[in-house]
Amino acid sequence: AAPPAGVRFSAGIHPWDAEQASESWLETIRAMRPDAIGETGLDRAARAEGALQREWFVRQRELARQMRLPLVVHCVRAYEELLPLLKDFPQPVVFHGFTGSAQLARRLTDRGFSLSFGETVFRSPKTRDALASVPGDRLFLETDCSPLPIEAIYAEAAAIRGTTTERLQEEIETNFTKIFGR
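Worth saying up front: this structure is predicted, and the values here are computed from it rather than measured.

Rules behind the numbers
- Residues numbered from 1 in each chain as written.
- Predicted model: local features only at pLDDT ≥ 70, side-chain atom pairs only at ≥ 80, totals over all residues.
- Heavy atoms only, no water.
- Pairing = 2+ DSSP bridges.
- Helix = DSSP H or I, 4+ residues; strand = E, 2+ residues; numbered from the N terminus.
- Contact = heavy atoms within 4.5 Å.
- Axes fitted to C-alpha atoms, helices over the stretch in contact; angles between N-to-C directions.
- Core = buried A, V, L, I, M, F, W, Y, C linked by side-chain atoms within 4.5 Å.
- Buried < 20%, exposed > 50% of the residue type's maximum accessible area, 1.4 Å probe, protein only.
- Salt bridge = Lys/Arg side-chain N within 4 Å of Asp/Glu carboxyl O.
- Phe/Tyr/Trp six-rings, centres within 6.5 Å; stacked < 30°, edge-to-face > 60°.

Tell me about the sheet that holds strand β6 (residues 139–141), residues and numbers included.
As summarised here, the arrangement of the 6 strands in space is β1-β2-β3-β4-β5-β6, forming an open sheet in which the pairing is parallel. Because the sheet does not close on itself, it has two edges, and the strands there are β1 (10–11) and β6. Across 2 bridges, the pairing between β1 and strand β2 (residues 36–43) is parallel. Residue Ser10 lies in a different strand from β2, and its bridge partner there is Ala36. Its contacts with the sheet place helix α2 (residues 50–67) against β2 and β3 (71–76), and it is angled at close to 155 degrees to β2.

This is the structure:
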């Protein structure tokens, strides 16, 4: 079911659920009228077969194109396969839970994609370097399944980026409005 009126949300078929997905799920997503499609993507650590994940990703990409909605992407060890699937995709793309290197971050942001960082930034020097290097207009922060409050993630991210929490919040609010509207 859709969240209460006024609550912003995305809806999608996660790659972990690709084996159970059905056509009716896409119709339910469409009927929910989400603000974005996703999380969808490819995950090489998931049990679901890669071809099945790819099929559901492509179908959701097309749904996002039809509905003119941003795409929220989950990608684990599958960037080389996934990136060609986003060639010429006209809507904004946000890579959720980004944990890659600064080089991968640059490659994605150079293509116009945004990156969202969560609690994993605290555990990985590679991810900290990526967070420090992402252009401010391509940045999001998230809690995902973390027990940490978003304020803690903002504080750590601001320290890593050498800015204030307030400035970082302003940048991300601007990014949110640019991609998802008011």
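This is not the end of the story, as more comes after the structure.
Could you give an account of the nonpolar core, naming the residues involved and the relevant values?
Judged by nonpolar contacts, the single largest core of 53 residues is most densely connected at Leu71, Leu86, Phe95, Phe98, Leu108, Phe117 and Leu141. Beyond its immediate sequence surroundings of up to four residues, Phe95 is in contact with Val73, Cys75, Tyr79, Leu82, Leu83, Leu86, Leu108, Phe113, Ser114, Leu115 and Ser116.

Please provide a residue-by-residue account of the pattern of salt bridges, values included.
Considering all chains together, one arrives at 13 salt bridges under this definition. Among the salt bridges present, the one from Asp35 reaches Arg8, with a minimum N-O distance of 3.1 Å. Residue Asp35 is found in the loop between α1 (23–32) and β2, and its partner Arg8 is found in the segment before β1; the two are separated by 27 residues along the sequence. Via salt bridges that share partners, Glu23, Glu55 and Arg59 belong to a single interconnected network.

A description of the packing of aromatic side chains should follow, citing residues and the corresponding values.
Applying the stated criterion across every chain yields a total of 6 aromatic pairs. Seen in terms of ring centroids, Phe176 and Phe180 are 4.9 Å apart; in terms of plane orientation they differ by 35 degrees. Their pairing is tilted. In this pair, Phe176 and Phe180 both sit in helix α7 (residues 165–180), 4 residues apart, roughly one turn of the helix. Judged by relative accessible area, Phe176 falls into the partly exposed class, the value being 31%. Three or more aromatic residues joined by ring pairs form one cluster here, namely Tyr79, Phe95, Phe98, Phe113 and Phe117.

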